[in-house]
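Report on the structure
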Amino acid sequence: MKHYTVEEWSRYARQELTAEEQHEYEIHLSSCNECLENYMQGLELTADTFPRLAEAAETAIVESVMKRIESESTLSVQVVEATSEPIQQYQDRKASSFLRHPAFHYAVAAVITLLLMGTSTFQSMMDRIGSAETNIEAGPWVQEENRSSVSQKIMEKTIVMLDSIQPKHERGGTR
């Protein structure tokens, strides 16, 4: 890849090249960092040859830019005020999203559980399970004395689990 010198970039900045050469330089400049550095140095060398604006013209340009910025900022305030209604709709939609939150689901489940417990639904289910267990005929491999209810088995397993945790805690474990 051919790199252009600072002097060549100075000629480009002073527009001393043909249109074809300028196009070639521009294409090369977009892909070469080394030549970009040379171009910047060439601009610094030719900066004194560029015409300067009169101080009054510079002041007028600065004032017009500042007025434009102020008008844009007041326009943006008007746009924000005009878009406050969609923001309110978004906040309403966000407020309704609590229905999708897991804590809401847990609360609903707890309320349903309390309702079922209060109406003795769980007790009637346990009575039916207990009567079903007594109606089951024991096979030859099951002895009558070893049969127990489901809740009794759960209680036994819970006690075994708690007993296994207790010694670990006494030895300085975290559980």
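Read on for a plain summary of the structure. (Residues numbered from 1 in each chain as written. Predicted model: local features only at pLDDT ≥ 70, side-chain atom pairs only at ≥ 80, totals over all residues. Heavy atoms only, no water.)

**Quick look at the overall build of the protein chain**
Spelled out, the test is: Numbering of helices and strands runs from the N terminus, with a helix taken as a DSSP run of H or I at least four residues long and a strand as a DSSP run of E at least two residues long. Categorising residues by exposure relies on relative accessible area from a 1.4 Å probe, with only protein chains included: less than 20% of the type maximum marks a residue as buried, more than 50% marks it as exposed, and the intermediate range marks it as partly exposed. Note on areas: Shrake-Rupley, 1.4 Å probe, and residue coverage restricted to the protein chains presented here.
For the protein chain, the count of helices and strands is eight helices and zero strands. Along the chain direction, N to C, the helices and strands of the protein chain fall in the order α-α-α-α-α-α-α-α. For the protein chain, the residues scored as buried account for 10% of the 175 residues in total. In the form shown here, the protein chain has an accessible surface area of approximately 15000 Å², with 59% of it arising from carbon and sulfur atoms.

**Points about a nonpolar patch on the surface**
The condition that has to hold: A patch consists of residues exposed above 30% relative accessible area that lack any salt bridge, with like charges linked at up to 9 Å and nonpolar side chains (Val, Leu, Ile, Met, Phe, Trp, Tyr) linked at up to 5 Å. A side-chain nitrogen of Lys or Arg and a carboxyl oxygen of Asp or Glu constitute a salt bridge if their distance falls within 4 Å.
A cluster of nonpolar side chains, Leu53, Ile61, Val62, Val65, Met66 and Ile69, forms an exposed patch at the surface whose accessible area comes to about 540 Å². Considering the arrangement of structural elements, one finds Val65 in helix α4 (residues 55-82).

**Observations regarding unusual backbone geometry**
The backbone of Gln15 sits at a positive phi, close to 60°, despite the residue not being glycine. The topology assignment puts Gln15 in the loop between α1 (6-13) and α2 (19-29). Owing to a relative accessible area of 64%, Gln15 belongs among the exposed residues under this scheme.

**Quick look at the packing of α1 against α2**
Stated formally: Structural elements are reduced to axes, namely lines fitted to C-alpha atoms, with helices fitted over the stretch in contact, and the angle between N-to-C directions of any two is expressed from 0 to 180 degrees. Relative orientations are named as follows: roughly parallel for angles under 35 degrees, roughly antiparallel for angles over 145 degrees, roughly perpendicular for angles from 65 to 115 degrees, and oblique for any other angle. Handedness of each helix crossing follows the sense of rotation of the near helix against the far helix: counterclockwise by less than a right angle gives left-handed, clockwise gives right-handed. Contact criterion: two residues are considered in contact whenever any of their non-hydrogen atoms come within 4.5 Å of each other.
Packing of α1 against α2 leaves a shortest axis separation of 11 Å and a crossing angle of 120°. Our classification of the angle between α1 and α2 gives oblique. Here α1 and α2 pass one another in a crossing that is left-handed. Listed contacts from α2 to Glu8, Trp9 and Tyr12 of α1 are Gln22, Tyr25, Glu26, His28 and Leu29.

**A short note on the pattern of salt bridges**
Tallied over the full model, the rule gives one salt bridge. Across the salt bridge formed by Glu16 and Arg14, the nearest N and O atoms sit 2.9 Å from each other. For Glu16, a relative accessible area of 44% corresponds to the partly exposed category.

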